[in-house]
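An overview of the molecular structure
Each chain, letter by letter, is given below.
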Amino acid sequence: MARAKTGTGRLRTRTAAVALASCAMAAGLTATTAQAAQAAEANEHCVLDVSTRNHTCHETLAEARQQGRRIADTTGELIGATVFEDAEYGGSSLTITVPEPCPKNDKVDFWLDLDDYWQNRISSVQAWSTCWVWLYPDSGDRAGPYKENHPDVGSYINDRTVTVGLS
């Protein structure tokens, strides 16, 4: 049986995660990604909703994607992107949901500052729902746009991303 884990239902060694999340609240999505990342175990697959800042973690990528999929109604969230810890879509993943398909308006519409767990770990990406994925290292440069699946983000940005942008 599949198990869905939520950020509030997991108590294991979370004192530091709770303190980090409390301090990071002023940084917007960073607090929520901190909670999601601290909850992550080896090859755990989490979903982060950019609108509500809620997250859930699952044992499989298929379960995570089902959580983030909107089907023929006007409520819920769409998958904007999935980022992976390893090349070839391996290791842990973070699926980022957005309230609507990314408009093509020549700007980045959704930003996600990664917490310590996800910073400098992204090696492959999948773009969804008309979103293009931009990866930003500490230097302020950027790589992308990744307009479709990329099993390897390239040596320039591999394991160097601190912020993800969706346009």
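Residues numbered from 1 in each chain as written. Predicted model: local features only at pLDDT ≥ 70, side-chain atom pairs only at ≥ 80, totals over all residues. Heavy atoms only, no water.

With an unreviewed UniProt entry as reference, the protein chain is termed Peptidase inhibitor family I36, source organism Actinopolyspora mzabensis.

As for the environment of Ser 92
Here Ser 92 is to be found in strand E5 (residues 90–98). Once the C-alpha coordinates of Ser 92 and Thr 60 are considered, the two residues, 32 residues apart in sequence, prove to be 9.3 Å apart. (Helix = DSSP H or I, 4+ residues; strand = E, 2+ residues; numbered from the N terminus.)

Focus on the confidence of the model for the protein chain
Residues with a pLDDT of 70 or more make up 69% of the protein chain, whose mean pLDDT is 73. Within the model, pLDDT remains below 50 along residues 1–41, and this stretch shows 62 contacts once partners closer than five positions in the same chain are excluded. Residue range residues 70–75 is modelled with pLDDT below 50. Its contacts to residues more than four positions away, or to other chains, number 6 contacts. (pLDDT = per-residue confidence, 0-100. Contact = heavy atoms within 4.5 Å.)

Considering the pairing of strand E10 (residues 161–166)
The element E10 is largely enclosed, with a buried count of 6 among its 6 residues. Pairing of strand E6 (residues 110–113) with E10 involves 4 bridges; the strand directions are antiparallel. Within E10, the position partnered with Trp 111 by the bridge is Gly 165. (Buried < 20%, exposed > 50% of the residue type's maximum accessible area, 1.4 Å probe, protein only. Pairing = 2+ DSSP bridges.)

Examining the nonpolar core
With 28 residues, the main nonpolar core has Leu 94, Val 133, Leu 135, Val 164 and Leu 166 as its most contacted residues. For this core, the secondary structure elements donating two or more residues are strand E2 (45–49), strand E4 (78–86), E5, E6, strand E7 (124–127), strand E8 (133–137), strand E9 (143–146) and E10. Look past the residues within four positions of Leu 135 in its chain and what remains in contact with it is Ile 122, Val 125, Asp 141, Arg 142, Ala 143, Tyr 146, Val 153, Ile 157, Thr 161, Thr 163 and Val 164. (Core = buried A, V, L, I, M, F, W, Y, C linked by side-chain atoms within 4.5 Å.)

Looking at the state of the cysteines
Applying the stated criterion across every chain, the model contains 1 disulfide. The partner cysteine of Cys 102 in its disulfide is Cys 131, sulfur to sulfur 1.9 Å. Around the S-S axis, the bridge from Cys 102 to Cys 131 shows a dihedral of about 80° and counts as right-handed. Taken as a pair, Cys 102 in the loop between E5 and E6 and Cys 131 in the loop between E7 and E8 lie far apart in primary sequence, 29 residues in all. Each member of the pair, Cys 102 together with Cys 131, is buried. (Disulfide = S-S within 2.5 Å.)

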